[in-house]
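Residues per chain, in single letters:
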Amino acid sequence: MAVGAAPTWAKGTDIPEAAAPSAAMTRVLDYVQSQNSTGFLVIQDGRVLAEKNWPAPEGDAQYALFVYGHDTHGALLEDVASQQKSFVSVLVAIAADKGLLDVTRPVSDYIGKGWSKATPEQEAAIRVIDVLTMSSGLNDQFGYAAPAGTTFHYNTPVYAITKRVLAAAAKQPLDVITRDWLTSPLGMQDTTWRKRPAALASVGNDTGLVTSPRDTALFGLMILNGGLTKEGKRVVSQAGLQAMFTPSGTNPAYGRLWWLNGSPYTVKALAGRKDGPLIPAAPTDLVGALGAFDRRLYIVPSKKLIVVRTGTTARDADFDQQLWLRLTQAID
């Protein structure tokens with residue numbers, strides 16, 4: 001991925017209101033609304049092409065566990081599920097920039113021995129980079145399944161260890177790191193870590209990142225702008241960004257807690273390996289922060305484009321493909 005060399009976002013304190021959508025974008029909005037979406041935001045080259053928020057679906061008890069009120073623009077504040085992984089990836093890169101964290105060192109160097117159920121020798125071989133690329137070699141119960149760095153297994157419980165590593169490396173709580181390094185510099189006023197209800201914590205990741213479409217867009221714009229805020233302040237190095245978006249050795253569609261488009265094959269979280277890119281209809285340089293229930297942040301440097309989608313599970317099983325078939329007709 002070629003991240004942006006210069007900011008494309010005008011200076012200011014907030015995202016401006018959207019202009020009237022084009023006919024093609026109206027068709028996109030109609031489709032997105034039909035797919036159980038609660039929020040949708042499209043920004044291209046500093047222009048808001050579309051922004052819509054819809055009510056929460058009625059009678060969806062599981063979705064209700066992810067909702068924490070509304071922001072000042074009427075958008076639902078949602079726990080964005082595994083989208084949080086990509087936010088954590090940026091925090092890891094910032095920690096590396098600060099000299100606090102070396103991803104080539106073993107996880108146990110930061111949080112001590114015995115964090116897994118592997119033997120001491122097997123555990124000592126698991127580096128931070130192996131956790132970031134979902135190639136720790138551990139199963140969901142932290143048992144040894146393969147040598148570190150040899151196989152891709154999308155493993156949320158083991159990923160959650162990364163948050164402990166960050167806090168230990170920085171010697172500060174995760175919420176303090178997130179505020180000081182990321183959300184405050186970017187003006188993300190609605191983004192916080194929350195303790196998850198027991199029903200969600202049981203998956204092995206007991207803190208959720210609660211945010212809004214606009215805050216998620218500000219995060220994406222920083223990535224698009226090569227690690228700079230809209231005022232030109234550096235948040236993360238370009239080298240750190242490039243490392244995040246370098247395909248991993250075990251899955252070319254995955255970097256460091258980011259999904260990557262344009263690869264010859266994709267190893268999906270639950271569906272296994274398939275030939276072709278992650279989203280065939282999307283630009284090949286797309287990178288994505290993807291979460292359960294089709295929570296989406298897409299970043300496309302070649303189009304200077306940010307797309308955010310919140311809500312619950314889309315009706316179409318191939319939602320990403322169907323959305324991008326429509327989006328490509330609505331953007332330059």
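Each remark here, short or long, concerns the structure printed above.
Residues numbered from 1 in each chain as written. Predicted model: local features only at pLDDT ≥ 70, side-chain atom pairs only at ≥ 80, totals over all residues. Heavy atoms only, no water.

Trainee: I tried to follow the overall build of the chain on my own but got confused; where do I start?
Mentor: Summing up its helical and strand segments, the chain has 13 helices and 12 strands in all. Here the C-alpha atoms of the chain give a radius of gyration of 19 Å, agreeing with the 20 Å that 2.2 N^0.38 yields for 332 residues. Projected onto its principal axes, the C-alpha positions of the chain cover 60 × 40 × 40 Å. Across the 332 residues in the chain, those meeting the buried criterion constitute 56%. When the accessible surface of the chain is split by element, carbon and sulfur atoms take 52% of a total near 13,400 Å². Of the side chains in the chain, 32 bear a positive and 30 a negative charge, and the two mean positions are spaced by 3 Å. (Helix = DSSP H or I, 4+ residues; strand = E, 2+ residues; numbered from the N terminus. Rg over C-alpha atoms; globule rule 2.2 N^0.38 Å. Buried < 20%, exposed > 50% of the residue type's maximum accessible area, 1.4 Å probe, protein only. Areas by Shrake-Rupley, 256 points an atom, 1.4 Å probe, with all protein chains shown as cover. Lys, Arg positive; Asp, Glu negative; His and termini not counted. Charge placed at Lys NZ, Arg CZ, Asp CG, Glu CD.)

Trainee: What am I meant to see in the layout of surface pockets here?
Mentor: Sizing a probe to match a water molecule and rolling it over the atoms shows the empty space that remains. Its boundaries defined by the atoms lining it, the largest pocket holds a volume of some 1,100 Å³. Lining the largest pocket we find 38 residues, and of these Ala269, Leu270, Gly291, Ala292 and Phe293 sit closest to its centre. Of the residues contributing to the lining of the largest pocket, the split by class is 19 nonpolar, 10 polar and 9 charged. (1 Å grid on protein atoms, 1.4 Å probe; cavity = no way out; pocket = protein on both sides within 12 Å on 5 of 7 lines; lining within 4 Å. Points joined across faces, edges and corners; volume = space filled by probe spheres on them. Nonpolar A, V, L, I, M, F, W, Y, C, P; charged D, E, K, R; others polar.)

Trainee: Where do I start with the nonpolar core in this structure?
Mentor: Generally speaking, a soluble globular protein has its nonpolar side chains buried in company with each other. Within the largest apolar cluster, 98 residues are counted, with the highest numbers of intra-cluster contacts made by Phe40, Trp258 and Trp324. In terms of residues, this core owes the most to one element, helix 3 (residues 84-97), which gives 8 residues. Setting aside chain neighbours within four positions, we find Phe40 in contact with Val28, Leu29, Val32, Ala50, Glu51, Lys52, Trp54, Val307, Val308, Arg309, Leu323 and Leu327. (Core = buried A, V, L, I, M, F, W, Y, C linked by side-chain atoms within 4.5 Å. Contact = heavy atoms within 4.5 Å.)

Trainee: Just checking my understanding: could you explain the sheet that holds strand 6 (residues 207-211) for this structure?
Mentor: Pairing between the strands of a sheet is mediated by backbone hydrogen bonds and can be parallel or antiparallel. Pairing in this open sheet of 4 strands is antiparallel, and the strands run 3-4-6-5 from one edge to the other. The open sheet is flanked by strand 3 (67-70) and strand 5 (192-195), the only strands paired with a single partner. Strand-to-strand twist across the sheet, computed as the mean angle between neighbouring axes with direction ignored, equals 30°. Bridge count between strand 5 and strand 6: 4 bridges; the pairing is antiparallel. Considered in strand 6, the bridge of Arg194 is made with Gly208. Along the sheet, helix 3 contacts strand 5 and strand 6; its crossing angle with strand 6, the most-contacted strand, is approximately 95°. (Pairing = 2+ DSSP bridges. Axes fitted to C-alpha atoms, helices over the stretch in contact; angles between N-to-C directions.)

Trainee: When you look at the packing of aromatic side chains in this model, what are you seeing that I'm missing?
Mentor: Two descriptors summarise a pair of aromatic rings, namely the distance from one centre to the other and the angle between the planes of the rings. Taken as a whole and judged by the stated rule, the model has 12 aromatic pairs. On the numbers, 6.0 Å between centres and 15° between planes, the contact of Tyr31 with Phe319 is stacked. Residue Tyr31 is located in helix 1 (residues 23-34), and its partner Phe319 is located in helix 13 (residues 319-327); the two are separated by 288 residues in the primary sequence. Both residues of the pair, Tyr31 and Phe319, count as buried. Put simply, the rings of Phe87, Phe219, Phe245 and Trp258 touch in pairs and so form one group of aromatic residues. (Phe/Tyr/Trp six-rings, centres within 6.5 Å; stacked < 30°, edge-to-face > 60°.)

Trainee: Looking at this structure, how should I read the pairing of strand 9 (residues 272-275)?
Mentor: When a strand is regular, its side chains alternate between the sheet's two faces. By the bridge criterion, 4 bridges tie strand 8 (residues 265-268) to strand 9 in an arrangement that is antiparallel. Looking at the pairing, Lys268 lines up with Gly272 of strand 9. Linking strand 8 back to strand 9 in an antiparallel pair, the connection comprises 3 residues.

Trainee: What am I meant to see in the packing of helix 1 against helix 13 here?
Mentor: Helix-helix packing is described using two parameters, namely the angle between the two axes and the distance between the axes. Relative to each other, helix 1 and helix 13 sit at 160°, their axes nearing to 9 Å. Between helix 1 and helix 13, the interaxial angle falls into the category roughly antiparallel. At the point where helix 1 passes helix 13, the crossing takes the right-handed sense. Residues Met25, Val28, Tyr31 and Val32 of helix 1 pack against Phe319, Gln322, Leu323, Arg326 and Leu327 of helix 13. When its residues are assigned to classes, the contact of helix 1 with helix 13 shows 7 nonpolar, 1 polar and 1 charged. (Parallel < 35°, antiparallel > 145°, perpendicular 65-115°, else oblique. Left-handed = near helix turned anticlockwise from the far one by under 90°.)

Trainee: Explanation requested: unusual backbone geometry in the structure shown.
Mentor: Apart from glycine, the bulk of residues carry a negative phi angle, and the bulk of peptide bonds sit in the trans form. The phi dihedral of Met134 is positive, around 60°, even though this residue is not glycine. Within the fold, Met134 resides in the loop between helix 6 (128-132) and helix 7 (156-159). Even without a glycine there, the phi angle at Phe142 is positive, about 70°. Examined against the element boundaries, Phe142 turns out to sit in the loop between helix 6 and helix 7. Residue Phe142 is classed as buried on the basis of its relative accessible area of 18%.

Trainee: Any chance you could explain helix 13 here in plain terms?
Mentor: Count 3.6 residues to each turn of an α-helix, and residues three or four apart come out pointing the same way. Of all the residues in helix 13, the buried ones are Phe319, Asp320, Gln322, Leu323, Trp324 and Leu327. Elements that come into contact with the buried residues of helix 13 comprise helix 1, strand 1 (37-44), strand 11 (295-300) and strand 12 (305-311).

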